[in-house]
Protein chains: 2
Amino acid sequence: MKQLPHKTIARLSQYRRSLLMCYANGKNHIYSHEIAKIQHITAVQVRRDIMLIGYTGTLRKGYNIKELIDIISKIIDSKDVIKVCVVGVGNLGRAMVNYFSGKRTKLSIVACFDTDPNKINKKVTGVKCYSVDDMKKIIKQKNIKIGIMTVPADKASETADKLVSAGIKGILNYTPKPVYVPKDVFLEEYDMITSLEKVAFFVKTHIER
Amino acid sequence: MKQLPHKTIARLSQYRRSLLMCYANGKNHIYSHEIAKIQHITAVQVRRDIMLIGYTGTLRKGYNIKELIDIISKIIDSKDVIKVCVVGVGNLGRAMVNYFSGKRTKLSIVACFDTDPNKINKKVTGVKCYSVDDMKKIIKQKNIKIGIMTVPADKASETADKLVSAGIKGILNYTPKPVYVPKDVFLEEYDMITSLEKVAFFVKTHIER
DNA sequence: AGATTATTGTTAATAAAATAACAATAATAC
DNA sequence: GTATTATTGTTATTTTATTAACAATAATCT
Ligand SMILES: NC(=O)c1ccc[n+]([C@@H]2O[C@H](COP(=O)([O-])OP(=O)(O)OC[C@H]3O[C@@H](n4cnc5c(N)ncnc54)[C@H](O)[C@@H]3O)[C@@H](O)[C@H]2O)c1
Ligand SMILES: NC(=O)c1ccc[n+]([C@@H]2O[C@H](COP(=O)([O-])OP(=O)(O)OC[C@H]3O[C@@H](n4cnc5c(N)ncnc54)[C@H](O)[C@@H]3O)[C@@H](O)[C@H]2O)c1
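Draft legend 1. Representation of the overall build of chain A within the structure. Counting its secondary structure elements, chain A contains eight helices and nine strands. Along the three orthogonal principal directions, the C-alpha set of chain A runs to about 60 × 50 × 35 Å. Residues classed as buried in chain A amount to 50% of the 209 residues present. Restricting to contacts in chain A with at least 6 residues of sequence separation, those with at least 24 account for 56%. Carbon and sulfur atoms make up 53% of the accessible area of chain A, which totals about 10,400 Å². Separation between the mean location of the 36 positive side-chain charges and that of the 19 negative ones in chain A comes to 7 Å.

What follows is the structure in structure tokens.
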């Protein structure tokens, strides 16, 4: 299959979650416009995404939910569980561990790291916190592939470097500081401050115009 | 000025933060490629964004940091402080309040809301938590303009509705459930689960190819 | 002083994403 | 059984965002 657009991948993840809900409620078929309504996007967008992954529904009956879930899963899940770690177990890091722990089957947070002696060797919702000094060792040992960064902003780039040199293949950076990674490592950055400022900007222009 | 692209707004917020740092370190001028390096984007992108806001630097001297900060602030900040509330003071909500409280001058979290009696009327890092039942009243009273949603997913749409009917003008939705808002309310949604799955997808395709 | 270099600002080109248009057709209505 | 309707799948168009190209010129070099 051709390379899927990033945005499509993101939407597929969301479709799947909605589809799982519908399926759990006993629904077996769904129309593009129903999916669209749930996601608050257009039906064309949905059909286009589904077209891109090569699945076809049935005319006037819609898509078979079970089949669609399976196809999406085949695309976005990997065969084996992908192991994830969280670096920096502060407020945000703890929220993350808490939220994800024991939830996903194909993505599993198996370790976290911190510099704070009060946190090292404790457990966070069942996930052990190690010293950053052992990062390389643990990541290799446990075969961790993804790192979520929730360290203070001024520790962002050193943390990214450590993750990369430990052999991590994907980073989700929640610090507001952009980091550099070699191009064989996938990087996703999200800056909450910027998001809030963006909302504020549009609110402002709305109010002041 | 023409309507600025959303992406430009987001980058301006990030430029400003970097510029403030540089300025604090005693730097007075900066080249487009220096800004680009900090943000890990291209210099053209930076120049283009700066062009769009109508600022001009000086040839071979770069941009005057102070001036640029002021111009960006004039664009993205509003004249008065914009008040923000957080709905759902769980792990994530608490992290947010904690992080933002007392930090920004033009954006201020002034209230949070929850349904849990153990949280109502307590303070979260100095910010009072009210009952959701008083949401409308408090939002109007305090003239709150932006709501950050960190409630459980199944409470997302009712929460959005309440915020809208209370007169909120911007929503930052951190639940994985898309919500509907009328078009005079600016909506920004961010789904952490999807982000992580996206990283996992690219890691997988990298590993399996 | 004249040549060279580094840098901006802007237009042009390309790429990515979203939306629109519409042909095909199964299901339903009459 | 024919017409109508609702829905998919796909191509075409438009919009948005990024990248490239390059002219203009201030600063520096020789
Ligand atoms: N909490 C939020 O809602 C929020 C909002 C916007 C941005 N952020 C960003 O997220 C990041 C974390 O925020 P937070 O509120 O959780 O901060 P926090 O201070 O609560 O947590 C930071 C954690 O990182 C640990 N740490 C420090 N240096 C480290 C290192 N070198 N290696 C590993 N761990 C280290 C600290 O011990 C602490 O446990 C920050 O970069 C912040 O800017 C957070
Ligand atoms: N924590 C994370 O890292 C993380 C990651 C991905 C997604 N999310 C999403 O963020 C949201 C919050 O996550 P969390 O981990 O903080 O959950 P949480 O359970 O810790 O917090 C939810 C809070 O909302 C309150 N609440 C419940 N119903 C409410 C209502 N109707 N009105 C107001 N408050 C109400 C609860 O009392 C609780 O304090 C969820 O939608 C979750 O899916 C969180």
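Draft legend 2. View of the interface of chain A and chain B. With 61 residues of chain A at the interface, the matching set in chain B holds 61 residues. Carbon and sulfur atoms supply 69% of the area buried between chain A and chain B, which totals about 5,900 Å² over both sides. The partner of Asp191(B) in a salt bridge is Arg17(A), with the nearest N and O atoms 2.8 Å apart. Applying the counting criterion to the chain A and chain B interface returns 26 residue pairs in polar contact (both at pLDDT 80 or more). The dominant element in the side of chain A that touches chain B, judged by the number of residues it contributes, is helix H8 (residues 192–208) of chain A, at 16 residues. A breakdown of the residues in the side of chain A that touches chain B according to their chemical character gives 33 nonpolar, 13 polar and 15 charged.

Draft legend 3. Fine view of the relation of the copies chain A and chain B. Overlay of chain A on chain B (RMSD 0.0 Å): rotation 180°, translation along the axis 0.0 Å. In symmetry terms, the pair is related by a two-fold rotation axis. Closest approach to the rotation axis within chain A is made by the C-alpha atom of Leu92(A), at a distance of 3.3 Å. In this assembly, 100% of the residues forming the interface of chain A have copies in chain B that are likewise at the interface, indicating an isologous arrangement.

Draft legend 4. Main features of helix H3 (residues 43–52) of chain A. Residues and elements named next belong to chain A. Within H3, the full set of buried residues consists of Ala43, Val46, Asp49 and Ile50. When H3 is viewed along its axis, its buried side chains cluster within an angular range of 125° and face the same direction. Relative to its buried face, H3 has exposed residues pointing more than 90 degrees away, namely Val44 and Met51. Residues of H3 that are buried make contact with helix H1 (6–24), helix H2 (32–39), strand E2 (63–64) and helix H4 (65–76). Trailing H3 by a residue or two, Gly54 shows a phi angle of about 85°, which is positive.

Draft legend 5. Main features of the pattern of salt bridges. Residues and elements named next belong to chain A. The tally for this structure, following the rule as stated, stands at 20 salt bridges over all chains. A salt bridge links Asp77 to Arg16; the nearest nitrogen and oxygen atoms lie 2.8 Å apart. Highlighted residues: Asp77 in the loop between H4 and strand E3 (82–87) and Arg16 in helix H1, separated in sequence by 61 residues. Taking the relative accessible area as the measure of exposure, Asp77 reaches 17% and is therefore buried.

Draft legend 6. Examining the sheet that holds strand E8 (residues 170–173) of chain A more closely. All names here are of chain A. The mixed open sheet is built from seven strands, whose spatial order is E5-E6-E4-E3-E7-E8-E9. In this open sheet, the two edge strands, each paired with only one partner strand, are strand E5 (123–124) and strand E9 (186–189). Pairing of E3 with strand E7 (residues 146–149) involves four bridges; the strand directions are parallel. Directly across from Val86, in E7, lies its bridge partner Ile148. Along the sheet, helix H7 (residues 156–165) makes contact with E3, E7 and E8, crossing E7 at roughly 170°.

Draft legend 7. A look at the protein's contact with DNA strand C. In the vicinity of DNA strand C there are 21 residues, among which Ser32(B), Thr56(B), Gly57(B), Leu59(B) and Arg60(B) approach most closely. Counting only atoms of DNA strand C within 4 Å of the protein, the fraction found in sugar and phosphate groups is 55%. The side chain of Arg48(A) places a nitrogen or oxygen atom 3.0 Å from a base oxygen of DNA strand C. Taking Ser32(B), its side chain carries an N or O atom lying 2.6 Å from a phosphate oxygen of DNA strand C. Elements that contribute at least two residues to the surface near DNA strand C include exactly H1 and H3 of chain A together with helix H2 (32–39) and helix H3 (43–52) of chain B.

Draft legend 8. Here's a closer look at empty space enclosed by the protein. A full pass over the atoms with the stated rule returns two cavities of 30 Å³ or more. What lines the largest cavity is simply Arg16(A), Ile76(A), Asp77(A), Ser78(A), Ile82(A), Arg104(A), Lys106(A), Leu107(A), Glu197(B) and Ala200(B). When its residues are assigned to classes, the lining of the largest cavity shows four nonpolar, one polar and five charged. Taken as a whole, the second largest cavity encloses approximately 50 Å³ of empty space. Forming the boundary of the second largest cavity are Glu197(A), Ala200(A), Arg16(B), Ile76(B), Asp77(B), Ser78(B), Ile82(B), Lys106(B) and Leu107(B).

Draft legend 9. Fine view of helix H4 (residues 65–76) of chain B. Residues and elements named next belong to chain B. For H4, which comprises 12 residues, the first-to-last C-alpha distance of 16 Å matches the rise-based estimate of 16 Å (1.5 Å per residue) to within 8%. The complete set of buried residues in H4 reads Ile65, Leu68, Ile69, Ile72, Ser73, Ile75 and Ile76. All buried residues of H4 lie within an arc of 160° about the axis, which places them on one face of the element. N-capping of H4 is provided by Asn64, with a side-chain oxygen placed 3.1 Å from the backbone N of Lys66.

Rules used in this analysis
Residues numbered from 1 in each chain as written. Chains lettered and ligands numbered in written order. Predicted model: local features only at pLDDT ≥ 70, side-chain atom pairs only at ≥ 80, totals over all residues. Heavy atoms only, no water. Helix = DSSP H or I, 4+ residues; strand = E, 2+ residues; numbered from the N terminus. Buried < 20%, exposed > 50% of the residue type's maximum accessible area, 1.4 Å probe, protein only. Contact = heavy atoms within 4.5 Å. Areas by Shrake-Rupley, 256 points an atom, 1.4 Å probe, with all protein chains shown as cover. Lys, Arg positive; Asp, Glu negative; His and termini not counted. Charge placed at Lys NZ, Arg CZ, Asp CG, Glu CD. Buried area = accessible area lost by both parts, 1.4 Å probe. Salt bridge = Lys/Arg side-chain N within 4 Å of Asp/Glu carboxyl O. Polar contact = N/O pair within 3.5 Å; in protein donor to acceptor, adjacent residues only side chain to side chain. Nonpolar A, V, L, I, M, F, W, Y, C, P; charged D, E, K, R; others polar. Least-squares fit on C-alpha atoms with pLDDT ≥ 70 in both. Arc of directions from axis to C-beta. Pairing = 2+ DSSP bridges. Axes fitted to C-alpha atoms, helices over the stretch in contact; angles between N-to-C directions. Near = heavy atom within 4 Å. 1 Å grid on protein atoms, 1.4 Å probe; cavity = no way out; pocket = protein on both sides within 12 Å on 5 of 7 lines; lining within 4 Å. Points joined across faces, edges and corners; volume = space filled by probe spheres on them. Expected span 1.5 Å × (residues − 1).

It is worth stressing that arrangement in space is one thing and function is another; only the former is reported here.
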